[in-house]
Every structure is written in structure tokens, then in C-alpha cells.
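What follows is the residue order along each chain.
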Amino acid sequence: MERITPILIEHFDAEPTVTMCAQAVDALEAGSILLLPYLSFKLLAEETQFLTAQAVEPKRKNVSYDWRLQKTKGDSYIGELHQKLQQLLARYANQANILVNSLFPHYTKSIQLARTSYRPVEAFDRTNLSNRKDDRLLHTDAFPASPTQGWRILRVFSNINLNREPRVWRVGENFEKVAARFLPHLKTKNSLVRHLLNSVNITRGLQTNYDAAMLQLHDLMKKDQAYQDDPLNQMIELPAETTWLVFTDQVPHAVISGQFCLEQTFYLPVQAMTYPERSPLKILERLMNKPLV
Ligand code: SIN
Ligand code: FE
């Protein structure tokens, strides 16, 4: 499996051919990063003022937009500028949604559009992060407060850097290899505690055995220096003014450097996949020989 698969689409509302869609879904679900080298998200002239690390509140790294509430959090603007930045994020959410629905027509009926983020801080410089929160370390995505209960995490990224600076990632080997490597270290989590966390709303929804396993994998990967240094990991450049799509719950990734990136998250049920057996849920269930949700 190639770590990067180029897809030659030039517009967010392009109408890809059936063949292109089939190739895209096959590569994506196999754990490849789909790189759209000719697809750039264009800022309006007046929006280039947001290309500054000062766009976020001090000590934060992302601005986050919730399309359901139509609210933006984490930016340093008020009034009209806050509204303008929100419009940019809303436009990105809309464009990314159009792209995903046209490239993966089979996902349309069940995919959920989630948060949008803007990442204006140089990733290389981030300081004072605990290992667990440091995305410069290789990991697969799993978030303590947001159990997915097996749903997939699909993310669309656009590098909006206008100084030709790529976003540099390191990517690891496929999910099955990572899972097999760390599986012997997974501990069973107390289900009483997990129900309690849910009932007092510490987690948004119940943390299933799948979520507990994914969270542990995330932490174990970040803590293991030998894994981080594995020569089979590859450095990749995601060029300025391009877009890429990836299942971040499946592909081990670390951000090494880069500034000014937009990201749109989607959640997808495993049953909606073309090849559900390639999902982290089905892989873990097979390796552990038991149901996890
Ligand atoms: C991550 O999802 O771990 C970071 C990716 C990025 O900001 O490029
Ligand atoms: Fe991540």
C-alpha cells in the first residue's frame, strides 16, 4: 500500500468519475493518504490577515468552529473580525463536505460533519505540551472526551500557507502492524468507571471497549521511543496550497512542521465503508478475538 495516493481533482465541487471514486475509496480505506495536489482552498484577499499565529488566543493552538451551533472558539478576535474568521471556517466546512460527498458517494447517507479547525501556530515550535498531547509524536487519533464507539475519524486538511511552506508529517506503518505491536500491553478497563464517566458527562457518550483500546494505543505509541524512531516510518511533505484526506484513527501520523492549515473532521459508521474489514474496529476485534462495541 502506498502511503500517499495522488488524486487529480482541481475543484471542491468537481464531479469525479466512477473510476476515480472507486480508486479513492480503495486507497483511503487501505490507510493511504489521498493527496490532492491541485486542490487549494482559496482565501479572499481580506482573509489573508488571519495568516498569523496571533489568530489564536495565547496558549491555544487551534481555532475551532462548530457548524451546528455556528460558534467559533479559541480565536483572538472580537466583533467583525471574529465573524469574518467564522465565515472562512464555515466556507471550508461546506467545501470539504461537498468534496467528501462527491468523492465517496457511498458515505453520503450516513457520514456526519463534525468540527472544523484552523491551525495557525507553527507546529515545530509548540512547547510545554505533555507527551500525551504532543501531536509531533506518532499516534493514531483517539480523544478521551469523545468516544467514537467504532465510528471512523476522517479528516480533510488544506495547507493554506502562502509562503510555499509544506506541512511535514511523519507517517507510520499500517494499523494492523501497530495494533499487533502494542496489543500485548493493552489493559482491560473497568466498565463501571466508564459508565460513571458517561453519566456525569465527562465523556460525550459511553466509552466502549473499542474506545478504551484506541486511547491506550494512542498513549502507548507516543510513549514508545523505539516505535517513534522506527526507520519504517516515513517523512512526507504536504505542499502549500494542496488538500489531503486521511482516516486519522487508522494511519499513524505526527506533525513535524508547518503553519496555517485548515482541517475538517467527519465521523463515519463502519458499516458505511466499502471495505469494513479494514477498519480499526474490525482489525482489533479480529486480533483480540472478541467484540469491542
Ligand atoms: C494531528 O492530527 O495529529 C496533527 C495534524 C496536523 O496538525 O497537521
Ligand atoms: Fe492526530
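Basis of the calculations
- Residues numbered from 1 in each chain as written.
- Chains lettered and ligands numbered in written order.
- Predicted model: local features only at pLDDT ≥ 70, side-chain atom pairs only at ≥ 80, totals over all residues.
- Heavy atoms only, no water.
- Donors = N, O, S within 2.8 Å, 3.2 Å for Na, K, Ca; no water.
- Buried < 20%, exposed > 50% of the residue type's maximum accessible area, 1.4 Å probe, protein only.
- Near = heavy atom within 4 Å.
- Polar contact = N/O pair within 3.5 Å; in protein donor to acceptor, adjacent residues only side chain to side chain.
- Areas by Shrake-Rupley, 256 points an atom, 1.4 Å probe, with all protein chains shown as cover.
- Helix = DSSP H or I, 4+ residues; strand = E, 2+ residues; numbered from the N terminus.
- Nonpolar A, V, L, I, M, F, W, Y, C, P; charged D, E, K, R; others polar.
- Contact = heavy atoms within 4.5 Å.
- Expected span 1.5 Å × (residues − 1).
- 1 Å grid on protein atoms, 1.4 Å probe; cavity = no way out; pocket = protein on both sides within 12 Å on 5 of 7 lines; lining within 4 Å.
- Points joined across faces, edges and corners; volume = space filled by probe spheres on them.
- Pairing = 2+ DSSP bridges.
- Axes fitted to C-alpha atoms, helices over the stretch in contact; angles between N-to-C directions.

All right, on to the coordination of the iron ion (ligand 2) then. By definition of the ideal shapes, four donors in a tetrahedron about a metal sit 109.5 degrees apart, and six donors in an octahedron sit 90 or 180 degrees apart. For the iron ion (ligand 2), the full set of protein donor atoms is His139 (NE2), Asp141 (OD) and His253 (NE2), at a range of 2.1 to 2.2 Å. We note that the donor set of the iron ion (ligand 2) lies within a single chain, spaced as H-x1-D-x111-H. Both residues of the pair, His139 and Asp141, count as buried.

This part takes up the site of ligand 1. Around ligand 1 sit Arg119, Asp135, His139, Arg155, Arg167, Trp169, His253 and Val255, and those are all the residues in its vicinity. Measuring from an oxygen atom of ligand 1, one finds a side-chain N or O atom of Asp135 at 3.5 Å. Relative to its free-state accessible area of 260 Å², ligand 1 is covered by the protein chains to the extent of 99%. The set of elements that each furnish at least two residues to the shell around ligand 1 consists of strand S7 (167-171) and strand S10 (253-257). Partitioned by chemical class, the residues of the shell around ligand 1 number 2 nonpolar, 2 polar and 4 charged.

A few words on the side chain of Arg152. Within the secondary structure, Arg152 is located in strand S6 (residues 152-159). Discounting chain neighbours no more than four positions away, the residues touching Arg152 are Phe247, Asp249, Gln250, Phe266, Tyr267, Leu268, Val270, Met273, Ser279 and Pro280.

With 13 residues, helix H1 (residues 18-30) should reach 18 Å at 1.5 Å per residue; the first-to-last C-alpha distance of 18 Å fits that figure. Burial in H1 covers these residues: Cys21, Ala24, Val25, Ala27, Leu28 and Glu29. Against strand S1 (4-6), strand S2 (33-36), helix H2 (79-103), S6 and strand S9 (243-247) lie the buried residues of H1. Taken from the residues just after H1, Gly31 is the one with a positive phi, measuring 100 degrees.

Size it by volume and the second largest pocket reaches roughly 260 Å³. Contributing to the lining of the second largest pocket are 20 residues, with Met1, Ala30, Glu173, Asn174 and Phe175 lying nearest its centre. Within the residue set of the lining of the second largest pocket, elements represented by two or more residues are H1, helix H3 (175-182) and helix H7 (280-288). The leading source of residues in the lining of the second largest pocket is H3, at 3 residues. Among the residues forming the lining of the second largest pocket, the class breakdown is 8 nonpolar, 4 polar and 8 charged.

What follows concerns the sheet that holds S10. What the 3 strands build is an open sheet, ordered S8-S7-S10; its pairing is antiparallel. Looking at which strands have only one partner, the edges of the open sheet turn out to be strand S8 (234-238) and S10. Across the sheet, the axes of successive neighbouring strands diverge by a mean angle of 30 degrees, strand direction being ignored. Note that S7 and S8 share 5 bridges and pair antiparallel. For Arg170, the partnering residue across the bridge sits in S8 and is Met235.

Attention shifts here to the pairing of strand S11 (residues 261-268). Burial within S11 is extensive, with 7 of its 8 residues counted as buried. For strand S5 (residues 112-119) and S11, the ladder comprises 6 bridges, and the chain directions are antiparallel. Within S11, the residue paired with Tyr118 across the bridge is Leu262. Summarising the sheet, S6 and S11 pair through 8 bridges and their orientation is antiparallel. Within S11, the position partnered with Arg152 by the bridge is Leu268.

What follows concerns unusual backbone geometry. For Arg164, which is not a glycine, the phi torsion comes out positive at approximately 65 degrees. Relative to the assigned elements, Arg164 resides in the loop between S6 and S7. For Arg164, a relative accessible area of 75% puts it in the exposed group. Positive phi, normally seen in glycine, also occurs at Phe260, with a value near 80 degrees. Along the chain, the position of Phe260 falls in the loop between S10 and S11.

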